[in-house]
Each structure stands twice: as C-alpha cells, then as structure tokens.
Amino acid sequence: MGILKKNISPRRKQLREAIAADRFQEIVAFVNSGMLASALIFVFFAALCSYLLSTSFTLESFGYRPAHQILAVTILVFIISAASGIYVYRFNYTILKNPIRSLVLACLFLTLIAVTKFSMLFDSGIYIAVAVTVGGAIILSIVYDQRFALAMGLSYSMLACLAAGRETDFSLFLTMISGTTTSCFLLREIRTRIKILEVGIFAGAAVFVISFSTDLFDNGLNKTIFAQAGWTAFAVVCISVVIQAFLPIIERVFRIATSMTLLDYSDANQPLLKKLAMDAPGTYSHSLLIGSISEAAAESIGANGLLCRVGAYYHDIGKIGKPRYFVENQMGTASRHDQLSPAMSQLIISGHVKDGLELAQEYNLPAVIRQFIETHHGTTLIEYFYEEARKKANGDMPPAESEFRYPGPRPRTKEAAIVMLSDAVEGAVRAQTEVTPTKIETVVHNMAMKRLQDGQFDECDLTLKELSKIEETLAKSLAGHYHGRIAYPTVGGKPHHQTVIQQGSAPSDQENENA
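Enquirer: Just checking my understanding: could you explain the overall build of the chain for this structure?
Expert: Secondary structure summary: the chain contains 23 helices and four strands in total. For the chain, the residues scored as buried account for 44% of the 515 residues in total. Across the chain, contacts joining residues at least 24 apart in sequence account for 72% of those joining residues at least 6 apart. In the form shown here, the chain has an accessible surface area of approximately 28100 Å², with 60% of it arising from carbon and sulfur atoms.

In structure tokens:
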C-alpha cells in the first residue's frame, strides 16, 4: 500500500488546503447572502403553481387534469419560473439577496394565479383574468421599475393563460400583453392621485383594440365583439381603481414609498420638519439647500431627484436633540465643544445619526427615507476632532482613526451617495472665506475624490462617468447659490440704503436688483 501512496509536496498540499478553504468560504457566503433561501422559494413557487394549474374544478366538483396535461403544465411552469429566476439574478440581484422580497414576489404571483383560476368559474372570468394580469403589471411597476415589471408581466401572462385554461389561445395572450406593456411604459412614477387611473384608462384602450382585432379575425364583424372588448377594457379600468384604493397597503407590504408619498413627506407642515425648523433652524436651512442641489445632481444622471430632495430634508434630523453642538445652529455664540474633550465631542457629533434613526422610527418615516439618515456620513472620519485628539496626545500613542469614524453604513444607492457628497461639499464650500466658481469646482472635485478613495462609494453602483456629471452639476448649483452681490454705495460714511431709509423712503427697485 505504501508503494501506491502518492507523495504530495508540502507546497501542493498547502495549495489544495487553500483552495478547499476558499470553496468553503464561498459556500458559507452563498448561504449567508440569502441566495439559497431565495432559490428554495422559487422552487416552492414552481411546485405550488404547478399544483394550482393542474387542478380542474367547477362549483359542483373538484378534480385534476389528465396526466399528460399535468406533465406538460409542470414542465412549462418550471421553464417559465427558471427563466424568471435567471432574469431576476441578472438584472435585480438585490431581490435574491433578500429572501423576504423573494417570498413577497412569489406570494403576489400565487395570489394573482389563484384569483384568475377562481374567476374562471364565472362567465366573466376572461375579463377578470385580463384585468388581474394588467393589475399585476401595475403593482410591479410601482414597487420595482418598468423593465422589471415588463419582464415579469410577460412571464405572468404565460402563467395566466394556463390558469385560464386557454393554453393555446394566442389572442388572450396578446390581449394580456397589450395591457401589460401599456401600463409598464406609462407608469414610471406616481406624482398625482389619478395617475394609476390614467394608466388604467390607456391600458384599457389598448386591451379594447387588441381584443376587438383578434375577435374580428376569428369571428368576423358582429355585435358581440364590441361588447366583449368593451367589458374587458372596463375590467382593466376597474382594477386600476382597486389598486389606487389599496396603494397604501401595497406600499406597506413591499416597504416602498411612491413619489406621491414622498411629496407628502416634503411638505413643510410635516411634524418632524416643523420641529427641525423650530429647534435647529440652521440645520433646517442647510437641509433645504442640500435637497435642492442633490435633486439637480440626481436628475443629471437619471436617478430619482425627488427621493434625493426628500431624503436630504430629513438626513440631519438627529441634530434636533443637541442643536447647539453643531456650528450652523450656534448663531455666533461660543462653541460648546470648547469645554469638551475631542473624544466626547466625537460621540456627540456621531450620535446624531443614531438619534436621527430613533426619531425616524418614532415618526414612522419610510425605510427609503431612513437610509439617508444612516448613510449620509457613511464611515467617514470626523477629521476636526481627530486632529484635536492627535494634538492633545503630546507625543503619546495617537488615537486610532476607527475611534473617530461614523458608524455607517456606507451608501447603498446612487441617491444616498449623492446626498452624502452634496452634504460634504456644501459644508466645505460654506467654510471658504472667498467663494468663486473656480474655487467651488476645485472643492467639489477634491471632496468627491476624497470620498471615492475612502471607499464610501464601494457599495453603490455609481460609475466614474456619473460621478463626474454629479460634480459638474453640484459645482454649478453651488455657484448659483453663492453668487456675488454688488455692495451698496456709501453716502456720508453710511451705506446708501440706510440714508434713504432715514429720509423716509424705501430703496428703489433698481437698488434691490443690485443687491
């Protein structure tokens, strides 16, 4: 046996052990990432969907399809589910990393299929089936994005045809796809309360045209095709009304906030914004400016500008508890940090992130807004107090940088990264003694490169091209805000406007323009 035993050099043995350890870590990372749970959810969905579509029942009886049809349905369902899973993995990977979102998506599809299956017990089942398909596409457009909704709508339309018992009815598939495509293309965001109804009306019109055309092709011109197409279109419009009514529930289930909800939270009469304006007016003014410049920067790269603006309004709400410890609220008074150690000052400054999250939970802010509170500083270094601590070390062991960094996390979306950079560059520009457009561009570029090299943008899909565009837009917006002014002329050692007011007259319109 010793002759057959192969001698392995220590170097090769070490290499094999390293490869085995790497593979084990990859497996552990795969399990911890949620991918395994999401894959099991997709398999469970395909199995349960196959069972539902294999049943055949009426109001009086319950049974199953013939064996060959059950096999065919199972094959088709697993192929459609696998194709959908590959698409999600390729274009919406974050869904697979969150098993809860995968489960909610699977439950949505199963619910729609069950409703379609049950509706076929009635004479109006086909109309309901088309309406449910369009309704599913509208929900997906609200929750995710248009491309994802279009792809998933196509997959569901195939399953809906199976649920309706019209596997070979191409006209039904065309009708469903027409409504799905129309609603996905029209529903980018919801900024008005009738937007979903408008989308439903256009989708109903598309469904009417396709349904009428296919029936005309099959049966010729007669009275019934107008009625059938009309009822199908009416059902689509009705489902849009139902979705509009249940929109708050949809937002809560999928943990999202539509543009209409964001507009509500941007109202200055919101209790939290009113509290910020009263207790920390300097921070409130700063947040309004950040909202303006970050919205412009986001729109320059096609990101969600409204989300940036609203997130910026709330990103510093944690300063409400201790407003006087932040320079914008000191109003010319002495800094309270003069009496504190750098370590204590660091705890107060970094603590506004945690305080902000507690306030957000107390006031029930949506998760999409809370992300700006926890990520607007990422894991950056609180440089001022870190340098103060190093100076006070007096040759002793200097403090570690990790002790003077914000807790994070880093931005995970483009919008959060834009607000982080906007917050940093606005503070840096405000600290300049003499502000010029050229100096603003330099400050913005240096700050962007500093955040990039510090790894603050590593967890969001921001490209260098987009970052360059953001820099350009931020510099332009800040230059417009910090524009120069023409000084009032002096008369007798006093500013001219004071002399005019003392004489009992107001400044002229031309003087106001020059100011």
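Enquirer: Explanation requested: the packing of aromatic side chains in the structure shown.
Expert: What describes a pair of aromatic rings is the distance from one ring centre to the other and the angle between the planes of the rings. Taken as a whole and assessed by the stated rule, the structure comprises 16 aromatic pairs. Their ring planes at 45° and their centres at 5.0 Å tell us that Phe-212 and Phe-226 sit as a pair that is tilted. In this pair, Phe-212 sits in helix H9 (residues 195-219) while Phe-226 sits in helix H10 (residues 223-245), placing the two residues 14 residues apart along the sequence. One aromatic cluster in this structure is built from Tyr-87, Phe-91, Tyr-144 and Phe-148. Here Arg-336 stacks its cationic end above the ring of Tyr-325, 5.6 Å away from the centre of that ring.

Enquirer: Just to check I follow, could you spell out unusual backbone geometry for this structure?
Expert: With the exception of glycine, the majority of residues adopt a negative phi angle, and the majority of peptide bonds are in the trans configuration. Going from Gly-408 to Pro-409, the amide bond is cis rather than trans, its omega being 5°. Relative to the elements of secondary structure, Pro-409 occurs in the loop between helix H18 (383-393) and helix H19 (414-430). For Arg-255, which is not glycine, the phi dihedral falls at a positive 55°. Counting through the fold element by element, Arg-255 comes out in the loop between helix H11 (247-254) and helix H12 (259-265). Positive phi is not limited to glycine here, since Asn-364 has a value of about 55°. Inspection of the secondary structure assignment puts Asn-364 in the loop between helix H16 (342-362) and helix H17 (367-375). Using a relative accessible area of 58% as the deciding quantity, one classes Asn-364 as exposed.

Enquirer: Is there a simple way to think about the packing of H16 against H17 in this case?
Expert: A pair of packed helices is captured by two measures, namely the crossing angle of their axes and the spacing between those axes. Packing of H16 against H17 brings their axes to within 8 Å, and their N-to-C directions diverge by 165°. The orientation of H16 with respect to H17, classified from their angle, is roughly antiparallel. The handedness of the crossing between H16 and H17 comes out as right-handed. Between H16 and H17, the residues in contact are Val-353, Gly-356, Leu-357 and Ala-360 and Arg-370, Ile-373 and Glu-374, respectively. In the contact of H16 with H17, the residues fall into four nonpolar, one polar and two charged.

Enquirer: How should I be thinking about the environment of Gly-291 in this particular structure?
Expert: With respect to the helices and strands, the residue Gly-291 is situated in helix H14 (residues 281-300). Gly-291 sits in the buried class, given a relative accessible area of 0%. As for Gly-291 and Asp-423, which are separated by 132 residues in sequence, their C-alpha atoms are 9.3 Å apart.

Enquirer: Is there a simple way to explain the pattern of salt bridges in this structure?
Expert: Where charged atoms of side chains with opposite charge meet at close range, the side chains can pair. Scanning the entire structure with this criterion turns up 15 salt bridges. The closest approach of N and O atoms between Lys-319 and Glu-328, which form a salt bridge, is 2.8 Å. Here Arg-405 ties to Glu-401 by a salt bridge, and the two come within 3.3 Å at their closest N and O atoms. Judged by its relative accessible area of 38%, Glu-401 falls in the partly exposed class. What emerges from the salt-bridge pattern is a single network uniting Asp-316, Lys-319 and Glu-328.

Enquirer: Sorry if this is basic, but what is going on with the packing of helix H6 (residues 125-143) against helix H7 (residues 146-163) here?
Expert: The geometry of H6 relative to H7 is characterised by a closest axis approach of 9 Å and an angle of 155° between their N-to-C directions. Taken together, the axes of H6 and H7 are roughly antiparallel relative to one another. Classified by chirality, the crossing of H7 by H6 is right-handed. Touching Val-132, Thr-133, Ala-137, Leu-140 and Ser-141 of H6 are Phe-148, Ala-149, Met-152, Gly-153, Tyr-156, Ser-157 and Ala-160, all from H7.

Enquirer: Any chance you could explain the confidence of the model for the chain here in plain terms?
Expert: Detailed reading of predicted coordinates is not advised where the pLDDT is low. Taken as a whole, the chain shows an average pLDDT of 87; of its residues, 90% reach a score of 70 or greater. Mean pLDDT in the chain bottoms out at helix H23 (residues 509-514), which sits at 37, and peaks at helix H15 (residues 305-314), which reaches 96. Here residues 497-515 scores under 50 on pLDDT; set against residues more than four positions off or in separate chains, the count is 14 contacts.

Enquirer: How do you make sense of the environment of Thr-436 when you look at a structure like this?
Expert: Take Thr-436: it is sitting in the loop between H19 and helix H20 (437-453). Under the relative-accessibility criterion, Thr-436 is labelled partly exposed at 29%. In the structure, Thr-436 is positioned 46 residues away from Tyr-482 in sequence and 8.2 Å away in space, judged by C-alpha atoms.

Enquirer: Sorry if this is basic, but what is going on with a nonpolar patch on the surface here?
Expert: On the surface, a nonpolar cluster with roughly 550 Å² of combined accessible area is contributed by Phe-44, Leu-48, Tyr-51, Phe-62 and Tyr-64. When residues of the nonpolar patch are traced back to their parent elements, those giving at least two are helix H2 (35-54) and strand S2 (62-64). A per-element tally of the nonpolar patch places H2 first, with three residues.

Enquirer: It is not clear to me how the nonpolar core should be interpreted in this structure. Could you clarify?
Expert: A general tendency of soluble globular proteins is for nonpolar side chains to be buried together. Counting residues in hydrophobic clusters, the biggest one holds 61 residues, and the most contacted among them are Leu-53, Leu-140, Ile-142, Phe-148 and Leu-159. Element by element, the count of residues in this core is highest for H6, at eleven residues. Not counting residues within four places of it along the chain, the set of residues in contact with Ile-142 comprises Leu-187, Ile-190, Ile-196, Ile-243, Leu-247, Ile-256 and Thr-258. With 54 residues, the next largest nonpolar core counts Ala-297, Ala-417, Ile-418 and Leu-462 among its residues.

Enquirer: What should I look at first to understand H15 in this one?
Expert: Because each turn of an α-helix spans 3.6 residues, side chains separated by three or four positions end up pointing in the same direction. The buried fraction of H15 is high, at ten of ten residues. Three or more residues of H15 are buried, namely Gly-305, Leu-306, Leu-307, Cys-308, Arg-309, Val-310, Gly-311, Ala-312, Tyr-313 and Tyr-314. Measuring from the backbone nitrogen of Leu-306 back to the side-chain oxygen at the start of H15 gives 3.3 Å, which picks out Asn-304 as the cap.

Enquirer: Help me out: how do you make sense of H2 in this one?
Expert: With 20 residues, H2 should cover 28 Å at 1.5 Å per step; its first-to-last C-alpha distance of 29 Å lies within 8% of that length. The complete set of buried residues in H2 reads Met-35, Ser-38, Ile-41, Phe-45, Ala-46, Cys-49, Ser-50, Leu-53 and Ser-54.

Enquirer: Explain the side chain of Thr-380 to me, please; I cannot follow it from the model alone.
Expert: Residue placement: Thr-380 occurs in the loop between H17 and H18. A polar atom in the side chain of Thr-380 sits 2.7 Å from the backbone oxygen of His-377. In this structure, Thr-380 is in contact with Phe-404, Arg-405, Tyr-406, Arg-451, Asp-454 and Gln-456, ignoring residues within four places of it in sequence.

Rules used in this analysis
- Residues numbered from 1 in each chain as written.
- Predicted model: local features only at pLDDT ≥ 70, side-chain atom pairs only at ≥ 80, totals over all residues.
- Heavy atoms only, no water.
- Helix = DSSP H or I, 4+ residues; strand = E, 2+ residues; numbered from the N terminus.
- Buried < 20%, exposed > 50% of the residue type's maximum accessible area, 1.4 Å probe, protein only.
- Contact = heavy atoms within 4.5 Å.
- Areas by Shrake-Rupley, 256 points an atom, 1.4 Å probe, with all protein chains shown as cover.
- Phe/Tyr/Trp six-rings, centres within 6.5 Å; stacked < 30°, edge-to-face > 60°.
- Lys NZ or Arg CZ within 6 Å of the ring centre and 35° of its normal.
- Axes fitted to C-alpha atoms, helices over the stretch in contact; angles between N-to-C directions.
- Parallel < 35°, antiparallel > 145°, perpendicular 65-115°, else oblique.
- Left-handed = near helix turned anticlockwise from the far one by under 90°.
- Nonpolar A, V, L, I, M, F, W, Y, C, P; charged D, E, K, R; others polar.
- Salt bridge = Lys/Arg side-chain N within 4 Å of Asp/Glu carboxyl O.
- pLDDT = per-residue confidence, 0-100.
- Patch = residues over 30% accessible without salt bridge, like charges linked within 9 Å, V, L, I, M, F, W, Y side chains within 5 Å.
- Core = buried A, V, L, I, M, F, W, Y, C linked by side-chain atoms within 4.5 Å.
- Polar contact = N/O pair within 3.5 Å; in protein donor to acceptor, adjacent residues only side chain to side chain.
- Expected span 1.5 Å × (residues − 1).

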